[in-house]
Each structure stands twice: as C-alpha cells, then as structure tokens.
Amino acid sequence: MSLERSPAKRREGLLFEKSVTGKRGSDAPLWDGPEPEALDSHYLREEIAGFPELSEREVVRHFTRLSKLNYANDEGLYPLGSCTMKYNPKVNEKIARLEGFAEAHPLLPPESAQGCLQVMADLERYLCEITGMSAFTLQPAAGAQGEFTGIRMVRSYHQSRGNPRQVVLIPDSAHGTNPASAHLCGYRVEEIASDDRGCVDLKGLKERMRDDVAVLMLTNPNTLGVFEREIGEICAVVHGGGGLVYLDGANLNAFVGVARPGDMGVDVMHSNLHKTFSTPHGGGGPGSGPVGVKDFLARFLPVPRVVRGESGWRWSADFPESIGKVHSFYGNFGMHVRAAAYILANGAAGLREMAEAAVLNANYLRKRLEGVYHLPYASPSLHEVIFSDKHLEKHGVRTLDVAKRLMDYGFHPPTIYFPLIVKGALMIEPTESEGIEDLDAFVDAMLRIAKEAEEDPEMVRSAPHTTPVGRLDEAAAARRPVLRWSPASEEPRS
Amino acid sequence: MRYIPSSPTERQKLLKVLGLESIDRLFDTIPESFRLKRALDLPPALPEADLIEQMGTLSRKNLDLHDSALFLGAGAYRHFIPAVVDHLISRAEFYSSYTPYQPEFSQGTLQSIFEFQTLICQLTGLDAANASLYDGASALAEGILLAHRAKRRNQIVVAGPVHPEYLKVVRTLVTTLGIELKSIPAGESGACEPDRVATQLSPQTAAVVVQQPNFLGRLEEIAPLVEASHRAGAVCIVVVNEAVSLGMLKAPGSLGADVVLGEAQSLGVPLSYGGPYLGFMAVKMEYVREIPGRLVGQAKDVQGRTGYVLTLATREQHIRREKATSNICTNQGLCMLAATIFMATLGKQGMRELALQNRARAEYAKAALKKIPGCRLPHPGPGFNEFVLELPRPASAIHRQLLGKGIVAGLPLEQYFPDRKNDLLITVTEMNSRAQIDRLASELREAL
C-alpha cells in the first residue's frame, strides 16, 4: 500500500495574510432611501483594523483549500468511539434548508409557525416512544447542556421534597461532561469504581447509597461499550435510597428498538441527536441534547413547552415549578428537523436495523482485532469496542502512535485515551454506516500497524507521514498561546 | 434501510464469523425482562420523495416570507447571506467531520477556528476569543460564571435592558451556585444611567452586565460603565446580540470592556426558528485561562511547519472533570464556520456598509412611523436597527391585524414588560426594502 493519501499539500495562508486593500466579496443591497444624520462620533469606530479584504473568488478558494485539509466522514471510516460518526443523510440537509423552516423567526406568533411547532411536537412524541420516557424537552443545545438540564430538574425535584441532597454519583468510566454538569448544578461529585467487568460495582453502590445522594448518572451501554446488565438492580438500589437515576444516552444508538431506558427504571435521560439520530457533527457542533423524563418530573421541564391549544400548537410557560430556560429560544431547531426526518425515513424497523448493524459491525472489528490488540475487558460489546496498547508496549509503541499511523492508511483514528479506566485506550465505534469492505480495510490497516510496531517501531512513532502537517507541539502551544493572528509579528501577544 | 451499506446477506456473513445464529444474540447482555416485545410505535418508513413531500408540507405551514414583510428581531435577525456561505459549509469535509481531536487530519477546521477567533477579536477589540458557545444566552451565563470565578464574588449587576430571554437562562444556570442578580432598570431615555449604576456597585459585585445596543434598541454609554465597574473591582461584560452593529459601533474592548460576548447569528446563520445559533465570547488576555469552551492556538510540527491545535485544554471537562471552567464539550462548529465565511466575504468595507445601511433603513422607518397620528418614539436617542414604537392603543391587537396583511410588525413588548402594553419593538434590516417600510407605515396608519 502506498503511503501517499494525496499529493503533498501546501500550507494555506490565513485570510489576513491574503488580504489586499480595496478588495471586496459582497455588495450591500441597493438602498434608495435617504442617508440619516451621522451618529455622534464617540459611538463610531474607525475601520475594523486587520479585518480581511478579499474577492468572492478568493474566499471560495481559501475555504475549499482549507476543507481539503480535513478528513471527512463522507470520505471514509471515522471510528471515533462515543461520538457515533454515522452517515448524515443528504435529504436532511435539504429539508432543514426549506425556506419555511430556515427563515422562520423564533418570535413569530405561533399561528405563523405551526409547521415548526408540529415538527417539535412530533419529535418529542417519537423520542418518548423510542426511549420509554413520558415527556421530552428539545431545548438543550448539546448533550452536555442536556446533562445540566436533567440534573437541574433532579435538584428541583429533591428541593420540592424539602432537601436538594448533596451528592451525585458517577462511575469512573463516565464522560467528563457528567461531573462538570453535576458541579454546575451545585452538587458534589463522588466517583464509584467499576468492577472487573468494567461495570458499576453493585455492592459498592449499595454500600454508598445514603440519603445524601441525589442521583446516579449512568451511561448505558457504558463507555466500554458494555451493557450494564444489572441496571434493574442499580435503579432499585438508588430508588431505595430515595435517589434518582440519570441516563447519559450518548450510546442510545446501540439498542434503539431493542429495549428502552424508560422500561429499565431510568427517571431522566438525554439523547444526542447528532449521535443516534444522524445530525451532522459539523466539525464540532451544533449538536442537540433533548432530555426525557418520567411523569413525576415533567413539571420541572424547561419552559416554554409546546402544547396543543384550541387553534393548533402554541408555547406555554405556565409551569410554575419549571427549572426555567436553558436556551435563548427553543433549542437547535435545525437539528430537530433533521432528526425527525431521520426517524421518519427509518421507521421502527429501520431504526432497529440501525442498532443491529452498528452492534454487528463493532463485534466484527472486535473479533478480527482481538489477540493482536489487547482487550482490557472481556465483557460482550455492543456498539463499540475498547482495546489498549498493552501488546505494543514492548516495542515502545503507544496508542497515540497507532492513531497517528492510521491516518497514513487513510482512516480517522478512534477515540484515544478514553475511557480513563483503560490505560492507553483505543475506543472504536464503526457505526452501522460501514460495509464489509471498509471494515476489512480498517482491520487490515490496524493489523499492519501492529506488525510495523514490531518491525519498524520508529516509523510508527514518527507517523503520520502523509498529512499536511506532522505531529504538532501541543505543549509549546499551551505554554505560549498564540490564539489569534496579529499584524506585527507571529510572536504571542501575552 | 437505505442508509445502511451492508446487505442482509453480508450481515449473515458477519454473524457467521462471530459464530452467532441470529442477530438477536448480539443483545444477549440486555436482560430479557427489558427487551421490547413489540415494534416501536412510529410512523411507517418514508421513501426520500415522500419524506420531502411531507416535510415540505409542514414547512409551508409557517409564514411565507415571499408574501410578507418581517420587522421582527429581538435577538434573532434576518440578514442577507451570500450564496458562498451555504455552498462552502455544505462541503462534506466541513460538515461531516468532528471536533478536531486529531490536528493532522483537521487543519481545515482548526485554521478556520483560528480565523474566527481573530475576527471576533478584531470586531470586539479584545485579545482572545473562543471557538464559540451555544448561543447568546448561554454565552452570557458563561460570562457571569467567568466573572464569579475570577473575582470570587457573588453579585452580578445587570445595567439597563438586557435580553429578557438571556436573563431567564442566566437565572436557571447561576442560582444554584449562590450567585445573585441585581437589575437596574433603564431611565426614561431607554438607556441605563451610569451614575445610578455606579451607586449600586459594592465589594460583592463580580460583574456589571450591559447590552449594546440594548434590548430596546438604544445605544448605551459604555465608557463610564467600564470605569464604574473597574472602580468597584468588577468585570465589565458587554453583551452584543446584533453582531452586525459591530461593523460601525466602537469596539467595546477599545472602551475598556473586559469581556464581550453574545450572539453572532446575524453573521451568516439563518433564523431557523431559534437555533442553531452562535454564541461568542472574547476576553482580555488576563482572563484567557478562565474562558470556557474550545480554544485553538498556533503550533509548530516536528519539521517547523505552522499548524493549529486545540489548546489550553486543562480548562476543560474532559481533563478537569468537575473542576472544569464549564461543562461545554463541543462548540457550534458549522455555525462558526458560516460566520467566518460571512465575515471574510463581506470584509472590512462590507461589514461597515452593512451596519450603516441597517441604521439608515431603521432611521427611515422611525421617521415614517413617528408621523402617524398617535404614534411616538418613547426613546428617541441614538440607536442601531431597532427601536420602540409606542401606539395609541394596545399593540398586540394591531400586531395581529397587520399579520393578516402579511406584515410582522415587530414584537409586542407586553410579553416581556407588562407595563409596555402599547409598545412594539420594531427591527429594520437590509432585508426590508423602502417599499416594505412604506407599506408598514401606511397599513399601520390605516389600522389605527
């Protein structure tokens, strides 16, 4: 296999370096009205110093060239574990751009926005059915904001019973957003250790569960891709102590149509529309993190809520116990439309098929790589599989090196060094969006890298060799941060 | 299902490799008692053509802007978006990639974030900007948390009219942390009175928050508020929810503001019924290690080539967990890219002209509307592209009447301020033609 993924690429200069005085890429619309009296000069700025001046042509070239420095999910396997880089159906982009949706102002009177309200009401209903929860809010703009929203409702619930409680229990395998969100809600975080299967240690949980615990934040399947099969008992223990169970639904895509969190005893959960429901990741957002609750928590949901009135859908803020708002308006509606379109395109059978194919693909990768790569937990995998670099240690090759070398073979690396309970973790999630050929090509690359680690470890350690830039010195970048272009020099401003 | 590339036969082949007789066996770890024994109750699967048809029908139940005139803003603005913006953000390399965890494979995204950060610094007159936040409201909440951390004080003074929806979000976020909000209403002029604000500051004040232009469309005097904040040892936070105004208004950073944050939806992001939008935050260098969210910095590779990386990650949740500056994980990637392309396309001249033209059209509208008998401008001082119009009668009925004629006559302010029953908040952008403005005036005259 050739190392060349594509011809060596030149560095693309910054917008500011390309700027030439007097150029422009756009003209203001025609205005034939009078010019107003000028504002007093103390309100007015001089020109925006340093702002670029480019022709439209150059802007298009610049961003097209930048785009080619990215690897894309539409180009090939992108197995970032926990991020669920599944295919983003093109029709969803078309639908989100329909003028009626894209040009709808959020403060239109409801009678002028019935289409948007209908989409949101439908999506809430679909999510209730898919998860077994009783009610949803679509307001949170991302999974982390969903976590905050959920835990904030938990706090209001306990508060309504006289005591908000103090502690949030979080397994040591959890996403970093879990403890950060709990902290923002004014709670103290306590980690609970995983057992040797990588699951919540039920005995430890029983011992810890007291009336200071507000909620357990559980990810299921957890970040090892393992289903917490004792979830029924876990919920019973937490409920027995008067606590609630929050489900981080980041991995809902593993079991849609097979089972429902609401049937397992979960009280409140979020789901990432950009994971399970295919909305594009966009280079890091926008996401969307709807939150579902059981009936007894519905009175705490954020306002406004979509309700059915006499003449159609409308917004209601008439929920006095609500936690309030978490978004300027109603959440990332553009993502709601895409997710609703995805659910409608799939139907019940299609969604289940999605989960099945995702789990099948992950297990196939596991089977083919097991032995060559170290599998730290033998528990059965659902949608993702976690390996470590233990077998490569003797050659002085680490997880980071494997990740970098994968790029030379034309694959995006998996999530690395997460979950934290696995030393040198390689977290691989192929999703359902890969066929056998691509899975096999990925396996071949991983197997070759293992062989290279043995035969030519230095070559692996110095990878990647074919990317626009090599490994960047992140430590130096953090020591003397250069966070913006400055005209005078390339030296840091601080 | 058409989105899944493997055929049923191929899947059988994979199952065989795994030694499983049926696909259900993959889910053996899910206890039988929790298995769903029926199909989900969802509408039947739709082929692509039918899906477009069905969603198209829904989209047409919303207001048709071809037949109507929109004078509504209040934190979400309809501006012209050059065709290049949507064309470029639709490139798969941008929209189907993720957070640039692997810099060698993400230089396009990283460099565009670095460019965005620079553009925001230039617009706001500050030293460092992050890679974006969810929206204006959460940017304000994050800014307040920043001030709370940096100053270890618990009181936030909100000076003058700040977007009511932002304040609702702030309340949800900060009240559990023991932060107290103190609002100081605007004076008769519709803008805040810096001297009065100064008397309300105390050694407990972490930050003074002021919006420019404010929620009623009036320009605030930033310099004296900055001075008062600093005298009290507090951070001065300037909120901007109509980012187009920065094309002509003095950069708040150049007036001494410590933090400038808000909503940049105006810069190339469609209205889309309220989201996804684009929160931003820029700070003085002394606060950079307190800034929430992703930050991109310049770096060198082993061969000395310049590249870009995510940096100062020790602030963030995936490293610091509960001690992080924020729980935010991603940014608003694609919206940020849209804004970067928008700003690059308009450029130095275009941004200024766009701002000037928004004000020119708003001033034209003000002049036309205040001539209508019974109508007045209660806060006639300097503004940008929004203003309050007071009608002789309750505004909501008139608003509804005009809606029937295809005119969205701004926002009835009663929904936020019960004592403003007769007031409309009117917004005029470059999307409102002279003919539209004239029609608003004549229909309003007739309705009254």
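(A) Just the sheet that holds strand β11 (residues 386-390) of chain B, in detail. All names here are of chain B. As summarised here, the arrangement of the 3 strands in space is β11-β14-β13, forming an open sheet in which the pairing is antiparallel. With partners counted over all chains shown, the strands left at the sheet margins are β11 and β13 (411-412), one partner each. Two elements, β11 and strand β14 (residues 423-427), share 5 bridges in a ladder whose sense is antiparallel. Residue pairing in the sheet places Glu 386 in a bridge with Thr 427 of β14.

(B) Fine view of the domain arrangement of chain B. Residues and elements named next belong to chain B. Partitioning chain B into structural domains gives domain 1 (69-81 + 348-447) and domain 2 (83-342). The C-alpha-based centres of domain 1 and domain 2 are spaced at 27 Å. On the domain 2 side, the residues contacting the 24 residues of domain 1 number 28 residues. The set of elements that each furnish at least two residues to the side of domain 1 that touches domain 2 consists of α11 (333-370) and β11.

(C) Layout of helix α6 (residues 136-151) of chain B. Residue and element names in this part refer to chain B. Look at α6: 22 Å from first C-alpha to last across 16 residues, which is about the 22 Å you get at 1.5 Å a residue. Counting buried residues in α6 gives 13 out of 16 residues, a clear majority hidden from the surface. A positive phi of about 50° marks Arg 152, the residue just after α6.

(D) Structural view of the nonpolar core. Residues Tyr 246 of chain A together with Val 208, Val 209, Ile 237, Ala 339 and Ile 341 of chain B are the most contacted members of the largest nonpolar core, which totals 311 residues. Residue contributions to this core reach at least three from each of two domains, namely domain 1 (69-81 + 348-447) and domain 2 (83-342) of chain B. If near-sequence neighbours (up to four positions away) are discounted, Ile 237 of chain B is found in contact with Gly 143, Ala 147, Ala 207, Val 208, Val 209, Val 259 and Leu 261 of chain B.

(E) View of the interface of chain A and chain B. Contacts between the two partners involve 175 residues from chain A and, on the opposite side, 162 residues from chain B. Counting residues per element, the side of chain A that touches chain B draws most heavily on helix α11 (residues 333-369) of chain A, at 22 residues. Among the residues making up the side of chain A that touches chain B, the classes are represented as 94 nonpolar, 45 polar and 36 charged.

(F) View of the sheet that holds strand β12 (residues 425-428) of chain A. Residues and elements named next belong to chain A. The strand order across the open sheet formed by 3 strands is β10-β12-β11, and the pairing between neighbours is antiparallel. In this open sheet, the two edge strands, each paired with only one partner strand, are β10 (385-388) and β11 (415-416). Bridge analysis of β11 against β12 gives 2 bridges, and the strand direction is antiparallel. Note on β12: the bridge partner recorded for Thr 415 is Met 427.

(G) How the structure looks around the pairing of strand β3 (residues 155-159) of chain B. All names here are of chain B. Among the 5 residues of β3, 4 are classified as buried, and the element is accordingly described as predominantly covered. In this structure, β3 lies alongside strand β4 (residues 180-184), joined through 5 bridges in parallel fashion. If you follow Gln 155 over to β4, its bridge partner there is Glu 180. Once you follow β3 into helix α7 (residues 164-174) and on to β4, the crossover reads as right-handed. Sheet topology places β3 next to strand β5 (residues 205-211); 5 bridges connect them, and they run parallel. Bridge assignment links Ala 159 to a residue of β5, and that residue is Val 210.

What counts and how
- Residues numbered from 1 in each chain as written.
- Chains lettered and ligands numbered in written order.
- Predicted model: local features only at pLDDT ≥ 70, side-chain atom pairs only at ≥ 80, totals over all residues.
- Pairing = 2+ DSSP bridges.
- Helix = DSSP H or I, 4+ residues; strand = E, 2+ residues; numbered from the N terminus.
- Domains from an automatic or database assignment.
- Contact = placed C-beta atoms within 7 Å.
- Expected span 1.5 Å × (residues − 1).
- Buried ≥ 20, exposed ≤ 12 C-beta atoms within 10 Å, placed from the backbone.
- Core = buried A, V, L, I, M, F, W, Y, C linked by C-beta atoms within 7 Å.
- Nonpolar A, V, L, I, M, F, W, Y, C, P; charged D, E, K, R; others polar.
- Right-handed = clockwise from strand over helix to strand, strands pointing away.

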